[in-house]
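In case you want the letters, here they are:
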Amino acid sequence: MTVAAPRIRMLIDGQFVESASSNWQNVVNPATQDVLAQVPFATVSEVDAAVAAAKEAFKTWRKTPIGTRARIFLKYQQLIREHMSELAHILSAEQGKTLPDAEGDVFRGLEVVEHAAAIGNLQLGELANNVANGVDTYTLLQPLGVCAGITPFNFPAMIPLWMFPMAIATGNTFILKPSEQDPMVTMRLVELALEAGIPKGVLNVVHGGEEVVNAICDHPDIKAVSFVGSTRVGTHVYNRASLAGKRVQCMMGAKNHAVVLPDANKEQSLNAMVGAAFGAAGQRCMAASTLVLVGEAREWVPDLVAKAKTLKVSGGTVAGTDVGPVISCAARERVEGLIASGVEQGAKLVLDGRNPQVDGFEKGNFVGPTIFSGVKPGMRIYDEEIFGPVLVILEVDTLEDAIELINANPNGNGTAVFTQSGAAARKFQEDIDVGQVGINVPIPVPVPLFSFTGSRASKLGDLGPYGKQVVMFYTQTKTITSRWFDDETLGHGVNTTISL
Ligand code: NAD
């Protein structure tokens, strides 16, 4: 007898409910093809119900004291810590990444929850005393109302945690639309959020794809939308939701270049590159997927290949695994197609990871570490985001050439330079047109004291997720100009000139 896969529920007005949709999709373990659950593609009326619940809850949540809100996130961070191992196992099973990397995914989200617990320090207004006689001006950072978040498959713990804790801690209510490819760990995190004390209607979850996302973009009662995912979908969401009058921030695709100068510490730089290119099977928006070797550093390719060959490709739950499967069969075929195009377009395939033998996981979507050298702009493997364990190498003569190359690429998520020269690092930092820069750090994702600041084609909207910027994103600044009359400040009749 086959047991039916569990059906993933939505969260509407504090209740976990089954969707009335007739359209369900399997959530599949990418290492085994086992069906773990079924996820609904919710109906538009279910989106409406979630928004109505969030709108109602906003009436009281917006007036809930800062300390009361913050204490929920103090409890929430503790619950996440206590459930770290369980969360990592759920995440690894549905997403494929290794257990230690899955814990890292949860941990980077946990840091945002900790930050949300201290939100009072960031949601402070300003006051100027005596801007005119007896007049003070001050600002309030007030929550917007119902906000929504749409998340990708590659960080199913961290990215939802970039969104709803900060939105809710600042006094908003929230609709979350997780990735339909791996919604299970997200739902476990949502259960823990309710256990921590988030009141009914303050956090709601609807599942689905295009139709649900479009309903979110169009809904008149949603005030702001935060999106993380591909450039194609993010551009659509930005345009559609902006047209409907919302605040929108979209963090999108990337092609992150790491520059290695010949004076870099060779061992450290190559280790960092291998980890940053192939970790999470290359499915990180900040993966260092493009290596620019400068001058004599070109000679380091064989050492890099030797290091990449030592990585263990296997199921994410197997101890010692470095590279797990990619998310789906379709993703594997896409990555293999791009590798084939690299060969056809004349790049040199110095390590071919296609069709690896993975004992015990013969049905998994595996691609092993793959490296191309001699890559040039115009080749698909350079022009497109591969989002798999494929590193492309370009060679240039000088640091200036490397900077010119990177600045000519449309993407601007992250970049890194490896060098022992402070002057070279400083030049890179000053002249590079990319929003997040690592100096001997391959994946420079800022901690939540700062904000995620991807730029150019990797981002639409002004303000990034988490940190100070997202407090501005999730609040409306209200400026109050105030005068209180007493005997000394009584007015002197009608005055029709522009003054206070
Ligand atoms: P995706 O764009 O396919 O999906 C993202 C979300 O959009 C999902 O919730 C999905 O259900 C929804 N969606 C998919 N197709 C849609 C459509 N036609 N209309 C409306 N909504 C739709 O992205 P993905 O494959 O899940 O994630 C990988 C991408 O995300 C990569 O490009 C990666 O670089 C990017 N990413 C960027 C960042 C960043 O911070 N810049 C972080 C993580 C991932």
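Residues numbered from 1 in each chain as written. Predicted model: local features only at pLDDT ≥ 70, side-chain atom pairs only at ≥ 80, totals over all residues. Heavy atoms only, no water.

As recorded by an unreviewed UniProt entry, the protein chain carries the name methylmalonate-semialdehyde dehydrogenase (CoA acylating) and is attributed to Stenotrophomonas oahuensis. You can read under Sequence similarities (unreviewed entry) in the UniProt record for the protein chain the words "Belongs to the aldehyde dehydrogenase family." (UniProt positions renumbered as here; feature names shortened; annotations may be inferred.)

**Q** Give me the site of the ligand: which residues, what numbers.
**A** Neighbouring the ligand are 28 residues; Thr-151, Lys-177, Glu-180, Ser-230 and Glu-385 lie closest to it. With respect to the ligand, the backbone of Phe-153 contributes an N or O atom lying 3.0 Å from an oxygen atom. When the free accessible area of the ligand is taken as 840 Å², the share hidden by the protein chains comes to 90%. Here the ligand occupies the largest pocket. Breaking the shell around the ligand down by element, the ones donating at least two residues are α5 (158-169), α7 (210-218), β10 (222-228) and α8 (231-243). (Near = heavy atom within 4 Å. Polar contact = N/O pair within 3.5 Å; in protein donor to acceptor, adjacent residues only side chain to side chain. Areas by Shrake-Rupley, 256 points an atom, 1.4 Å probe, with all protein chains shown as cover. 1 Å grid on protein atoms, 1.4 Å probe; cavity = no way out; pocket = protein on both sides within 12 Å on 5 of 7 lines; lining within 4 Å. Sits in = over half its atoms within 2 Å of the grid points. Helix = DSSP H or I, 4+ residues; strand = E, 2+ residues; numbered from the N terminus.)

**Q** So, the sheet that holds strand β22 (residues 475-483): which residues are in play, and what are the values?
**A** A sheet is described by the order of its strands in space; here three strands give the open sequence β5-β6-β22, paired in antiparallel fashion. Lying at the two open borders of the sheet, with one neighbouring strand each, are β5 (127-132) and β22. Pairwise comparison of adjacent strand axes, ignoring direction, gives a mean angle of 30° for this sheet. For strand β6 (residues 135-143) and β22, the ladder comprises nine bridges, and the chain directions are antiparallel. Paired with Pro-143 across the two strands is Thr-475, which belongs to β22. (Pairing = 2+ DSSP bridges. Axes fitted to C-alpha atoms, helices over the stretch in contact; angles between N-to-C directions.)

**Q** Describe unusual backbone geometry, with residues and values.
**A** Phi is positive for Asn-355, close to 50°, though the residue is something other than glycine. By secondary structure assignment, the location of Asn-355 is in the loop between β14 (348-351) and β15 (370-373). With a relative accessible area of 64%, Asn-355 lands in the exposed category. A positive phi angle, near 45°, is found at Arg-456, a position not held by glycine. Following the sequence through the fold, Arg-456 ends up in strand β20 (residues 455-456). (Buried < 20%, exposed > 50% of the residue type's maximum accessible area, 1.4 Å probe, protein only.)

**Q** Break down the sheet that holds strand β12 (residues 257-260) for me, with residues and values.
**A** Overall, mixed pairing links the seven strands, which are arranged β14-β15-β16-β13-β12-β18-β19 in an open sheet. Of all the strands in the sheet, the pair left with one neighbour each is β14 and β19 (437-439). The mean inter-strand angle of the sheet, taken between neighbouring strand axes irrespective of direction, is 20°. Two elements, strand β13 (residues 290-294) and strand β16 (residues 390-396), share five bridges in a ladder whose sense is parallel. By the bridge assignment for β16, Val-294 is matched with Val-396. Running over the sheet, helix α9 (residues 266-278) touches β12, β13, β15, β16 and β18 (415-418) and is turned about 135° from β16. Sheet strands in contact with helix α11 (residues 329-344) are β14, β15 and β16, and its direction is about 25° off that of β15. (Contact = heavy atoms within 4.5 Å.)

**Q** If you had to explain a nonpolar patch on the surface to someone new, which residues and values would you point to?
**A** Where nonpolar side chains cluster on the molecular surface, the patch consists of Val-447, Leu-449 and Phe-450 and spans about 320 Å² of accessible area. Assignment of secondary structure puts Val-447 in the loop between β19 and β20. For Val-447, a relative accessible area of 35% puts it in the partly exposed group. (Patch = residues over 30% accessible without salt bridge, like charges linked within 9 Å, V, L, I, M, F, W, Y side chains within 5 Å. Salt bridge = Lys/Arg side-chain N within 4 Å of Asp/Glu carboxyl O.)

**Q** Go over the layout of surface pockets with me, naming the residues and quoting the values.
**A** Empty space within the largest pocket amounts to approximately 1,000 Å³. As for the largest pocket, its lining consists of 38 residues, of which Phe-153, Gln-181, Gly-229, Ser-230 and Val-233 are closest to the centre. Those elements that provide at least two residues to the lining of the largest pocket are α5, α7, β10, α8 and α11. Broken down by element, the lining of the largest pocket gets its largest block of residues, four residues, from α11. When its residues are assigned to classes, the lining of the largest pocket shows 19 nonpolar, 13 polar and six charged. (Points joined across faces, edges and corners; volume = space filled by probe spheres on them. Nonpolar A, V, L, I, M, F, W, Y, C, P; charged D, E, K, R; others polar.)

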